[in-house]
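# Overview (structure and organization)
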Amino acid sequence: MSAVAAGQGAKPAKVKISREDLLGTERRWRRFGEPTPAGGSLHEDGTPDYGLFGPGSVVWEVILHPATVVFLNAAQGAVQTKGYSPISAGLRDRDPMARKAREGTLNMLDVFDRLSRNSGMHAPMWLGDSKTAKLMAKHLHNIHKKVAGDVIDIARPELGGYAASEPRDAMWAALTEMHPMLRVYEAFAFRDGRMPHRLSPEQRDQFVAESAAYLRLVGSPEEDIPTSMAELGALYEKYADLFAPTETVNLTPGTGQDWLKLAMQTVKQNFHISHLRALMPYLLQTALVETPVMGTLPAKMRRSMGLSPSKDKAAVRAAKLFLPIAWLMQQGPYERYILRRMWGPDSIRLLESARRLHEQTLAQRAMGQLVSGAAGSSAPAA
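Conventions adopted
- Residues numbered from 1 in each chain as written.
- Predicted model: local features only at pLDDT ≥ 70, side-chain atom pairs only at ≥ 80, totals over all residues.
- Heavy atoms only, no water.
- Helix = DSSP H or I, 4+ residues; strand = E, 2+ residues; numbered from the N terminus.
- Core = buried A, V, L, I, M, F, W, Y, C linked by side-chain atoms within 4.5 Å.
- Buried < 20%, exposed > 50% of the residue type's maximum accessible area, 1.4 Å probe, protein only.
- Polar contact = N/O pair within 3.5 Å; in protein donor to acceptor, adjacent residues only side chain to side chain.
- Contact = heavy atoms within 4.5 Å.
- Salt bridge = Lys/Arg side-chain N within 4 Å of Asp/Glu carboxyl O.

Take unusual backbone geometry next. Its identity as a non-glycine residue notwithstanding, aspartate 192 has a phi of 55 degrees, on the positive side. On the secondary structure map, aspartate 192 appears in the loop between helix H10 (167-188) and helix H11 (201-217).

Below you can see the structure in the form of structure tokens.
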């Protein structure tokens, strides 16, 4: 079935994309007033309101690094669209991209806009004060109330349905943001004058424990919220059926039509030369880095994405070979390129403010340890 036929005669939308369309304004990401950065307001007791995580946290150490900024979309997108089936089902049935594909009007700006809002609309929850985080979480919760259906996968009816605003799927939407974020940081972040490396086991557990605040914000079931890597691993095992490899989750119930293939067909049909403005940054955030990014993910996650043994090995190898390019992509010019297009002006301000606070806190912490160590070494022997 052609995209036009699917759209019941809708004419292809041969729209032009200008540079201004590509960059957008705050309105692409902003859903209430200008977000307040973490530390930009006070609690009732007069102490700074740092929001969910705050300076000095392991989560901020991970989120604020340029490597995470640059590879965040690729990592989350890979896990959420290829790993966790209820998210794939929600995109298939309820996402505006799927609707426009069926109407025959989907174009490259729609696809780019959808991807760019991924980070830009989550940064206020990660980097804003408590009120900002709650407002954005409430907005997304209301939007996600419409993302529900009775069928996750037509070939696996035993999985039942999905509901993006309900506890289980809200929890996994958050976890499949946070965990991949940690993995690309460990795999690609050049830091401390060293090659990329894993955090210590204690720091990894701390990352998971701190992420609990985000999981509670989105309404996760309290009994499932992990506080360590071991508990996170057990949670993946508990919900393993929802991460099982599948070739049918993108098939629309009732028609059996693969919505992703239809979307690609419709975008191609409606393509205009000006769409290259949106296509290039989109590819740089998705297809062109997807294989090495998948190579950074846990082995079980790669298997859940349906990678064959040979492709699995190729992805792991690609992640290592990709390091020189990863280093270039996390340098200032490229990071600024991605920030403006994929995060937006509001999130850039939140990020810059958070980085200043985080650096100050780490410097103060280091000074305190230095003073403490000096005092201890100068103390008289007992």
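After that view of the structure, there is still more to cover.
With that settled, the discussion passes to the nonpolar core. Ranked by size, the top nonpolar core spans 101 residues in total, and within it Phe71, Trp126, Leu127, Trp172 and Phe188 carry the most contacts. Here this core gets eleven residues from one element, more than from any other, and that element is H10.

To continue, consider the side chain of aspartate 258. As for its position among the elements, aspartate 258 is in the loop between helix H12 (229-238) and helix H13 (259-269). Here leucine 260 takes part through its backbone nitrogen, which lies 3.0 Å from a polar atom of the side chain of aspartate 258. With sequence-adjacent residues up to four places away left out, aspartate 258 is seen in contact with Asn250 and Leu251.

Right, let's talk about the pattern of salt bridges for a bit. Between side chains of opposite charge, a pair can form as their charged atoms come close. Applying the stated rule across the entire model yields 19 salt bridges. Among the ionic pairs, lysine 238 bridges to aspartate 224, the shortest N-O distance being 2.7 Å. Of the two residues, lysine 238 is situated in helix H12 and aspartate 224 in the loop between H11 and H12; the sequence distance between them amounts to 14 residues. By relative accessible area, which is 8% here, aspartate 224 ends up buried. The salt bridge partner of glutamate 237 is lysine 300, with a shortest N-O separation of 2.5 Å. Of this pair, glutamate 237 sits in helix H12 while lysine 300 sits in helix H16 (residues 299-304), and the two are 63 residues apart along the sequence.

This paragraph deals with the environment of valine 184. Residue position: valine 184 is located in helix H10. Overall, valine 184 belongs to the buried group, its relative accessible area being 0%. Along the chain, valine 184 and glutamine 203 lie 19 residues apart, while their C-alpha atoms are 15 Å from each other. Filtering out sequence-adjacent residues up to four positions away, valine 184 remains in contact with Phe71, Ala75, Ala189, Val293 and Thr296.

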